[in-house]
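What follows is each chain in one-letter form.
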Amino acid sequence: MTTNSLNVAVLGAGLIGLDLVEKIQASPHLDCGLVVGRDPKTLGLRRAAALGCATSAGGVMALVGAGPFDVVFDATSAAAHTTHWSALSGAAPLLVDLTPSSLGIPVVPAVNGADAPDYGHINLISCGGQASIPLLHAITRDVTATYIEVVTTVASPTVGRATRINLDEYIATTQAAIRTFTGAAQAKVLVNISPATPPPPFRVAMTVQAPGLDPARVHAALKDAEQQAQAWCTPGFTLTSCHVTDGQATVAAEVTATGTRLPDHAGNLHIINAAAVLLAEQRATGKAL
């Protein structure tokens with residue numbers, strides 16, 4: 001732990017929580033002080049302990065009792081976060097919500113991440129939101145979208161129980177965030193959990209309907225947005241297609257999990273955890289990274 005490291009805690013020991021712990025341990029600005037779950041037999045808690053982290057199966061109140069921390073990450077479920085956030089309000093000056101609860105201020109690093117160090121309760125929307133909104137925001141900066149559709153494809157092995165329970169909240173929160181960050185009149189989000197073998201990469205396919213779309217400007221804006229996303233999500237963020245004609249843009253992007261213990265197809269876990277760590281590091285350094 002360096003002199004400017006923050007002492008952080010992770011609430012939730014599922015797929016997202018465990019990868020988050022590994023990313024925290026790789027950060028020079030963060031120190032994992034505690035990982036909390038509810039079942040002592042949880043594989044995630046055992047693995048976190050094997051990585052050298054203090055763990056507890058006492059749930060949110062165990063975290064509150066062990067605090068305060070500089071940052072608390074909630075990697076549980078949307079329903080759980082609605083009860084957690086009030087209990088955690090005094091546990092840390094920064095609460096980062098990785099569930100689609102729609103509580104807290106929605107943040108996408110490449111769009112409004114520079115303001116995030118001033119917030120006390122951040123919501124990271126969803127993995128689909130983190131992947132699509134930087135591109136959608138770039139497309140709609142100087143046009144008004146009448147309709148935006150996002151189809152997210154994720155590999156079934158990367159979708160844990162909490163995420164499956166959260167699907168309604170995932171869709172509603174992501175749709176609301178798309179409207180907020182783009183000004184679109186309507187937004188529709190669909191989720192495809194694919195059981196295919198081999199597992200497909202994490203992918204977002206977007207359709208934007210907006211009068212006045214200029215192909216050259218859209219391509220340039222998307223290239224810039226792709227490079228900004230790659231700066232914090234590693235080079236695993238790739239714009240794979242873009243076609244603009246007659247007031248409609250169809251765009252696709254893929255995210256692969258690179259440089260972690262995750263399989264390549266777990267880009268959905270990778271992107272939201274990379275965003276969470278980046279925002280906590282901004283709090284540690286006092287500047288956008």
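As the structure is a prediction and not an experimental result, all values here were calculated from the model. Each residue is numbered by its place in its chain's sequence as written, counting from 1. Restriction of local features to residues with pLDDT of at least 70 applies here, the model being predicted, together with a cutoff of 80 or more for giving and counting side-chain atom pairs; totals for whole chains, interfaces and linings are based on all residues. Here the side-chain values reflect all heavy atoms present in the structure, with hydrogen atoms and water set aside.

A word on the overall build of the protein
No. 1: Elements are defined by DSSP. Helices are runs of H or I of four residues or more, strands are runs of E of two residues or more, and each kind is numbered from the N terminus. The number of helices and strands found in the protein is ten helices and twelve strands.
No. 2: Radius of gyration here uses only the C-alpha atoms, and the compact-globule reference equals 2.2 Å multiplied by the residue count raised to the power 0.38. Against the 2.2 N^0.38 benchmark of 19 Å for 289 residues, the protein shows a C-alpha radius of gyration of 18 Å, consistent with a compact globule.
No. 3: The buried share of the protein, taken over its 289 residues, is 52%.
No. 4: Whether two residues are in contact is decided by their heavy atoms, any of which lying within 4.5 Å being enough. Long-range contacts, defined here as pairs at least 24 residues apart, represent 67% of the contacts in the protein between residues at least 6 apart.
No. 5: Method for areas: the Shrake-Rupley scheme with a 1.4 Å probe, in which residue coverage is limited to the protein chains shown. Accessible area of the protein: about 11,700 Å², with a carbon and sulfur share of 54%.
No. 6: Neither His nor the chain termini are counted; the positive set is Lys and Arg, and the negative set is Asp and Glu. Charge positions come from single atoms, namely NZ of Lys, CZ of Arg, CG of Asp or CD of Glu. Here the protein holds 16 positive side-chain charges and 20 negative ones, and the gap between their average locations is 6 Å. Summary of the burial criterion: residues with accessible area below 20% of their type's maximum are buried, those above 50% are exposed, and those between are partly exposed, where the area comes from a 1.4 Å probe applied to protein chains only.

A few points about the nonpolar core
No. 1: Counting residues in hydrophobic clusters, the biggest one holds 80 residues, and the most contacted among them are Ile24, Phe73, Leu98, Leu124 and Ile271.
No. 2: By residue number, the principal contributor to this core is helix α10 (residues 267–285), which donates eleven residues.
No. 3: Filtering out sequence-adjacent residues up to four positions away, Phe73 remains in contact with Val8, Ala9, Val10, Leu11, Leu20, Ile24, Val96, Leu98, Ala276 and Ala280.
No. 4: Note on terminology: a nonpolar core comprises buried Ala, Val, Leu, Ile, Met, Phe, Trp, Tyr and Cys residues joined through side-chain atoms within 4.5 Å. In terms of nonpolar packing, the next biggest core, distinct from the first, is built from twelve residues, Ala9, Val36, Phe69 and Val72 among them.

Thoughts on unusual backbone geometry
No. 1: Along the chain, Gly67 connects to Pro68 via a cis peptide bond; the corresponding omega equals 5°.
No. 2: Following the sequence through the fold, Pro68 ends up in the loop between α3 (59–66) and β4 (71–74).
No. 3: Of note, the amide linkage connecting Thr197 to Pro198 takes the cis form, showing an omega dihedral of 0°.
No. 4: Non-glycine residue Ile125 carries a positive phi angle of around 70°.
No. 5: Mapped onto the elements, Ile125 comes out in the loop between β7 (121–123) and α6 (127–139).
No. 6: Ile125 sits in the buried class, given a relative accessible area of 1%.

Side note on helix α1 (residues 15–26)
No. 1: Multiplying 1.5 Å by the helix residue count minus one yields the expected span of that helix. With twelve residues, α1 should reach 16 Å at 1.5 Å per residue; the first-to-last C-alpha distance of 17 Å fits that figure.
No. 2: Within α1, nine of the twelve residues are buried, which leaves the element mostly enclosed by the surrounding structure.
No. 3: All of the buried residues along α1 are Ile16, Gly17, Leu18, Asp19, Leu20, Val21, Glu22, Lys23 and Ile24.
No. 4: Elements that come into contact with the buried residues of α1 comprise β1 (6–11), β2 (30–36), α2 (43–50), β4, α7 (161–165) and α10.

Considerations on the UniProt feature "binding site: NAD(+)" (unreviewed entry) in the protein
No. 1: Mapped onto the present numbering, the UniProt feature "binding site: NAD(+)" (unreviewed entry) falls on Asn268.
No. 2: Mapped onto the secondary structure, Asn268 falls in helix α10.
No. 3: Those residues in contact with Asn268 that lie beyond four places of it in its chain are Cys127, Val154, Thr158 and Phe202.
No. 4: Whenever a nitrogen or oxygen atom comes within 3.5 Å of another N or O atom, the pair is scored as a polar contact, on the condition that within protein one atom can donate a hydrogen and the other can accept it, and that pairs from neighbouring residues in sequence are kept only if both atoms are in side chains. A polar atom in the side chain of Asn268 sits 3.0 Å from the side chain of Thr158. UniProt positions are given in the numbering used here, feature names are shortened, and annotations may be inferred rather than shown by experiment.

Comments concerning the sheet that holds strand β6 (residues 105–106)
No. 1: Criterion used throughout: strands pair if DSSP finds at least two bridges between them. Taken in spatial order, the seven strands line up as β3-β2-β1-β4-β5-β7-β6 in an open sheet, and their pairing is parallel. Both edges of this open sheet fall to β3 (55–56) and β6, since each of them pairs with a single strand only.
No. 2: The sheet contact formed by β4 and strand β5 (residues 94–97) spans four bridges and is parallel. Across the sheet, the residue bridging to Val71 is Leu94, located in β5.

Here's the deal with the sheet that holds strand β10 (residues 202–209)
No. 1: The strand order across the open sheet built from five strands is β9-β8-β10-β12-β11, with neighbouring strands paired in mixed fashion. With one partner strand each, in any of the chains shown, β9 (187–194) and β11 (237–245) form the two edges of the open sheet. Here the strands of the sheet are splayed against their neighbours by 10° on average, with no regard to which way each runs.
No. 2: Bridge count between strand β8 (residues 147–155) and β10: seven bridges; the pairing is antiparallel. If you follow Val151 over to β10, its bridge partner there is Ala205.
No. 3: Helix-sheet contacts for α6 involve β8, β10, β11 and β12 (248–255), and the interaxial angle to β10 is about 35°. Lines fitted to C-alpha atoms define the axes here, with helix axes fitted over just the stretch in contact, and angles between the N-to-C directions of these axes take values from 0 to 180 degrees.

Looking at the pairing of β4
No. 1: The two faces of β4 match: Val71 and Phe73 on one face and Val72 and Asp74 on the other face are all buried.
No. 2: Judged from the four bridges that link them, β1 and β4 form a sheet pairing that is parallel. Opposite Val10, over in β4, you have Phe73 as the bridge partner.
No. 3: Seen with its strands pointing away from the viewer, a crossover is right-handed when the path leading from the first strand over the helix to the second is clockwise. Since β4 and β5 lie parallel, the crossover through helix α4 (residues 78–88) that links them has a hand, and here it is right-handed.

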